[in-house]
Amino acid sequence: MAQTFFEGTKKGEIAELQSELNNLKESKRVLAVKKVIALMTVGKDVSSLFTDVLKCITTNNLELKKLVYLYIMNYAKQNSENAILAVNTFHQDASDSNPLIRALAIRTMGMIRVEKIMNYLPEPLRKCLLDEVPYVAKTAALCVAKLYDMNPEVVEEQGFLDMLRDLLSNSNHTVVSNAVAALTEIQEVATKSVWQLSKKNLSKMLTALAEATEWGQVYILSALSKYTPKDSREAEAIVDRVTPRLNHANSAVVLGATKVILFYVDVIAQTNKDKARELMKKLRAPLVTLLSKEPEIQYVALRNLNLIVQRHKGLLGTNLKVFFCKYYDPVYVKMEKLELLIMLAADKTIDQVLLEFKEYAQKVDVEFVRKSVRGIGRLAIKNPSASEKCVHVLLDLIKTTQANYVVQEAIVVLKDIFRKYPNKYESIIGTLCDRLDNLDEAEAKAAMIWIIGEYADRIANADELLSVWVESFHDEDTQVQLQLLTATVKLFLQKPSEPSSQTLVQDILKRVTTAVDNPDLRDRGFLYWRLLHDAPNEAKRVVLADKPLLDDQSDLLEPTLRDELLHHLSTLASVYHRPPRAFVPKLKNISRPTLDTTLPTNTVKKPSGAPPPPPPPPPSSLPPPPSNLSPPWTPPGVPPPPPPPPPPPCPPPPLTSPLLGLLPVFPPPPPPP
């Protein structure tokens, strides 16, 4: 019967384990430590057994030693005083004849984040770095990076960085790759340059690339991406050695090789453009192949492709079917595919992309449907030649769909299309007005109100449409209220002679200025009221001014940020689309804005030749204010200052003003509350 270690804990089990750990039979102690590790794995606190487990460390049983070391790594911080007792054993094991035990000892010491134990690490670490067995040397190389994270001064003083650089010339490829990994991690947190790939080490790196483990290859490729070739011939030679990595089974290796080729292709293109185009074509198949893997890998690949396509727009060609969403794709993968389809859509492919988006808009996933409808609007803004097709697709969705959220999203994007192409698609406004009863979301209401206000002179019953929302003004969202106020003023300015528009604008201005607590809404109301009363010509010029045309750049990053993120391809930065310093503050070597600390913040630099500052005033004879009094404080014997006079009331505007025949006489606004 198999031994089980993950059964529920029972009363007094800690005491039983303590007894078993002190048993004279080694087999009993092994079983006891396994039970302790099992309890630790499921989250139970077994730190009280630290001294009892520590007694089992002196053994020749490799299995037991591994279990004890694992326990010590987890609980050494909580028992730092007792953990120091294991140092002698660590030192003995670091000199053991068995290389597995030597590597285990040095790895465990590096994993224990206790400063007292770290102080005993340099001596065995130096021995292991010089060990002839590759397994021990490659383990020690990673231990240097852990020690540098805890105490960089010790690493520099003991010469461990030089020993790591020497390991780059080791005959074993695993040792070379681990040395590169350690130096790369140290460079990321160092305040100065620790290591740069040189011509001397380049051939060794390229040789190790083919033989190293997959994660070792990732580090070597990262180092190669930071190397600057001296000419295009050297760049071609490096790319030829890296290109086979594009067929690797590990996705991280594929993206790492892609990063190297993308950086070297610019150097190659300076002298051999045909070779550069050939290399870009070679990248298509490996990158597309990543989309056939697990959803999580697909998401990472899509986020990286988003960055690459922004820099190299023709990389993936015109075959967009690989980015079409499948019914079993998770929603986060579908969203990224939609973004890429919008970015890659061109005149040749816009028809098939529109058909896909129209089909997506009829699915049941609400979030996915909304994104698809918005994608159709973004395609119309991004591709002027296809804007009419996009508008027809949106109109078809509005007429045929029974889902309110589809209609509302379509109205929102049509508002943007109206701004992008003014005076072009106004004939569809009547169709939109027929679906007013379907609007129950604030953004859709605001978009429809904007359309009515913007084209009030072309909508015969615009006043009736707006009056419906004015009646429920106080129940609407702030976004809708602001848009309704502006649309009503637009209606009045475009139809000043109609009594209904005059009544409507006075009604809403009165509501806004007297019965609303929102300061933004109230201030805008007073602004419009005073404009209409004092300067109607200016009101018409300001409120009815031409709007700036929209340009869909929402899917593009700033070029500087984009180029920086391309340097971090296949890392978290390329997934977050944020530079590493934004979420890893310890990366000190990455440039960031710093404050000038040479002068105090309240000091102003004087130009040369400026007169000296006046002497400070003589000290006051009054006693300092008591520390237990809160301001304002009045010195003894001095009467308190009188309160400041109230500000003079703002004079009301005149009851009449010359309106130049544009507008009827508009009453003055009431004084602000």
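Before reading further, recall that the structure is shown in the block above.
Residues numbered from 1 in each chain as written. Predicted model: local features only at pLDDT ≥ 70, side-chain atom pairs only at ≥ 80, totals over all residues. Heavy atoms only, no water.

(A) Spatial organisation of the overall build of the protein. A count of helices and strands for the protein gives 33 helices and zero strands. In the protein, buried positions account for 46% of the 673 residues. Nonlocal contacts in the protein, meaning residues at least 24 apart in sequence, comprise 67% of its contacts between residues at least 6 apart. Carbon and sulfur atoms make up 54% of the accessible area of the protein, which amounts to about 35300 Å² in all. (Helix = DSSP H or I, 4+ residues; strand = E, 2+ residues; numbered from the N terminus. Buried < 20%, exposed > 50% of the residue type's maximum accessible area, 1.4 Å probe, protein only. Contact = heavy atoms within 4.5 Å. Areas by Shrake-Rupley, 256 points an atom, 1.4 Å probe, with all protein chains shown as cover.)

(B) Expanded view of the layout of surface pockets. For the largest pocket, the calculated volume is near 1200 Å³. Along the wall of the largest pocket there are 40 residues; nearest its centre are Glu188, Ser222, Lys226, His568 and Thr571. Listing elements by their share of the lining of the largest pocket, those giving two or more residues are helix 13 (173-189), helix 15 (214-225), helix 17 (251-269), helix 19 (295-311) and helix 33 (572-576). Residue contributions to the lining of the largest pocket peak at seven residues, all from helix 15. When the residues that make up the lining of the largest pocket are grouped by side-chain class, the tally is 21 nonpolar, 13 polar and six charged. (1 Å grid on protein atoms, 1.4 Å probe; cavity = no way out; pocket = protein on both sides within 12 Å on 5 of 7 lines; lining within 4 Å. Points joined across faces, edges and corners; volume = space filled by probe spheres on them. Nonpolar A, V, L, I, M, F, W, Y, C, P; charged D, E, K, R; others polar.)

(C) Looking closely at the pattern of salt bridges. Inspection of the entire model under this criterion finds 32 salt bridges. A salt bridge links Glu443 to Arg374; the nearest nitrogen and oxygen atoms lie 2.8 Å apart. Separated by 69 residues along the polypeptide, Glu443 in helix 26 (residues 442-454) and Arg374 in helix 22 (residues 366-382) bring together distant segments of the chain. One connected set of salt bridges, linked through shared partners, spans Arg370, Arg374, Glu409, Glu441 and Glu443. (Salt bridge = Lys/Arg side-chain N within 4 Å of Asp/Glu carboxyl O.)

(D) Focus on the packing of aromatic side chains. Tallied over the full model, the rule gives 10 aromatic pairs. Plain terms: the ring middles of Tyr71 and Tyr75 are 4.9 Å apart, the flat faces sit at 45° to each other, and that makes the pair tilted. Of this pair, Tyr71 and Tyr75 both sit in helix 4 (residues 62-75), four residues apart, which is roughly one turn of that helix. Of the two residues examined, Tyr71 and Tyr75, each falls in the buried class. Between Tyr576 and Phe583, the ring centres sit 4.9 Å apart and the planes meet at 80°, which makes this aromatic pair edge-to-face. Note on Phe583: relative accessible area 27%, which makes it partly exposed. Among the aromatic residues, ring-to-ring pairing joins Phe50, Tyr71 and Tyr75 into one connected group. Above the plane of the ring of Phe368 lies Lys334, whose end atom (NZ or CZ) is 4.9 Å from the centre. (Phe/Tyr/Trp six-rings, centres within 6.5 Å; stacked < 30°, edge-to-face > 60°. Lys NZ or Arg CZ within 6 Å of the ring centre and 35° of its normal.)

(E) Representation of the environment of Phe263 within the structure. Residue position: Phe263 is located in helix 17. By relative accessible area, which is 23% here, Phe263 ends up partly exposed. Residues Phe263 and Val239, 24 residues apart in the sequence, show an inter-C-alpha distance of 10.0 Å. Here Phe263 is in contact with Ser225, Leu566 and His567, once residues within four sequence places are set aside.

(F) Quick look at the side chain of Lys275. Tracing the chain through its elements places Lys275 in helix 18 (residues 273-289). If we ignore the near neighbours within four places in the chain, the residues touching Lys275 are Glu236, Asp240 and Ile268.

(G) Structural context of the side chain of Gln187. As for its position among the elements, Gln187 is in helix 13. Residue classification places Gln187 among the buried residues on the basis of a relative accessible area of 17%. Among the polar contacts made by the side chain of Gln187, one reaches the main-chain carbonyl oxygen of Lys192 at a distance of 3.4 Å. (Polar contact = N/O pair within 3.5 Å; in protein donor to acceptor, adjacent residues only side chain to side chain.)

(H) The environment of Asn74, seen in detail. For Asn74, the position within the fold is in helix 4. Put simply, Asn74 and Arg113 are 39 residues apart on the chain and 9.7 Å apart in space, counted from C-alpha to C-alpha. Separated by 2.9 Å, the side chain of Asn74 and the backbone oxygen of Leu70 make a polar contact.

(I) Inspection of the nonpolar core at higher detail. Residues Tyr71, Ile72, Leu125 and Leu224 are the most contacted members of the largest nonpolar core, which totals 204 residues. The element contributing the most residues to this core is helix 17, with 10 residues. (Core = buried A, V, L, I, M, F, W, Y, C linked by side-chain atoms within 4.5 Å.)

(J) Structural context of unusual backbone geometry. Even without glycine at this site, Asn423 takes up a positive phi of about 60°. Position of Asn423 relative to the elements: it lies in the loop between helix 24 (404-420) and helix 25 (429-433). Taking relative accessible area as the criterion, Asn423 reaches 54% and is therefore assigned exposed. Not every positive phi belongs to a glycine, and His577 is a case in point at roughly 60°.

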